Amino acid sequence: YRVIGCPNGAIALAAIRRHRPDVVVTDVMMPEMNGEQLIAAVKSDSSIAHTPMIVLTAFSSRGHVAGTLASGADDFLEKPFSPEELVARVGVATRLHAARKELVAKNAELVQTMARVVEMEKLAALGRMLTQIAHEINNPMVAVLGYIDPLEQYMQAMSAMVDEYASSSELAGESGMALRARAQELDTA
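Report follows, based on the coordinates. Predicted model, so just to flag it, every value in this text is computed and none were measured.

The rules behind the values
Residues numbered from 1 in each chain as written. Predicted model: local features only at pLDDT ≥ 70, side-chain atom pairs only at ≥ 80, totals over all residues. Heavy atoms only, no water. Helix = DSSP H or I, 4+ residues; strand = E, 2+ residues; numbered from the N terminus. Buried < 20%, exposed > 50% of the residue type's maximum accessible area, 1.4 Å probe, protein only. Contact = heavy atoms within 4.5 Å. Areas by Shrake-Rupley, 256 points an atom, 1.4 Å probe, with all protein chains shown as cover. Patch = residues over 30% accessible without salt bridge, like charges linked within 9 Å, V, L, I, M, F, W, Y side chains within 5 Å. Salt bridge = Lys/Arg side-chain N within 4 Å of Asp/Glu carboxyl O. Polar contact = N/O pair within 3.5 Å; in protein donor to acceptor, adjacent residues only side chain to side chain.

Moving on: the overall build of the chain. Check the secondary structure of the chain and you find 5 helices and 3 strands. The helix and strand sequence of the chain, counted from the amino end, reads α-β-α-β-α-β-α-α. The burial tally for the chain puts 24% of its 189 residues in the buried class. For the chain, long-range pairs separated by at least 24 residues make up 51% of all intrachain contacts whose partners lie at least 6 apart in sequence. Summed over its atoms, the accessible surface of the chain is roughly 13400 Å², and 62% of this surface lies on carbon and sulfur atoms.

Structural data, given as structure tokens:
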């Protein structure tokens, strides 16, 4: 492991923010900021809150161990400890941290996929709605288009009848001219 040593908790907090380590191993007793204060500061900063924290301490009372774990520590190792046990616990914490990072990445990917699926479903619903609207518009249009030819034939027949009527001997005078003028006005002549 690449290890960065820090002489006190305040410097350790700055190093954690700068280097984003996979695991932090801290003692409880440190100058300027003790281990519990360091844990609280790390856990309250959302950018580093998920950093695993292993606490080393000579205090072995159950109350102290429980308090340290309750304050946010992820593991606890009592002094004196064996280097092999420390390396093993760091290994476990590193693997758990890597698994968490992978889960976060997979979750982000899943959220993206879900957003795309929702967008595709919205577009599909819009397509179905537009198809129904087009169907509802096409039905009356078919009826209207079906009556255009008969209507045109009817109008031609009416125009011919008006012409015949206007040119008959009975309407040769002013009435016939008025009828022709009205037919032209209606654009049927």
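What follows concerns a nonpolar patch on the surface. The grouping of L123, L126, M129, L130, I133, I137, M141, V144, L145 and I148 at the surface amounts to a nonpolar patch, some 920 Å² of accessible area in total. Note on placement: M129 falls in helix α4 (residues 83–167). You can call M129 partly exposed: its relative accessible area is 42%.

What follows is about the environment of T68. Along the chain, T68 turns up in helix α3 (residues 62–70). Spatially, the C-alpha atoms of T68 and V28 are 8.8 Å apart, while their sequence positions differ by 40 residues. Dropping the residues within four chain positions of it, T68 is found in contact with E36, I39, V55, A73 and F76.

Note on placement: V87 falls in helix α4. Note on V87: relative accessible area 47%, which makes it partly exposed.

This part is about the environment of R100. Examined against the element boundaries, R100 turns out to sit in helix α4. Residue class for R100 comes out partly exposed when judged on its relative accessible area of 29%. Separated by 50 residues in the primary sequence, R100 and H50 place their C-alpha atoms 8.7 Å from one another. In terms of polar contacts, R100 uses its side chain to reach the side chain of H50, at 2.8 Å.

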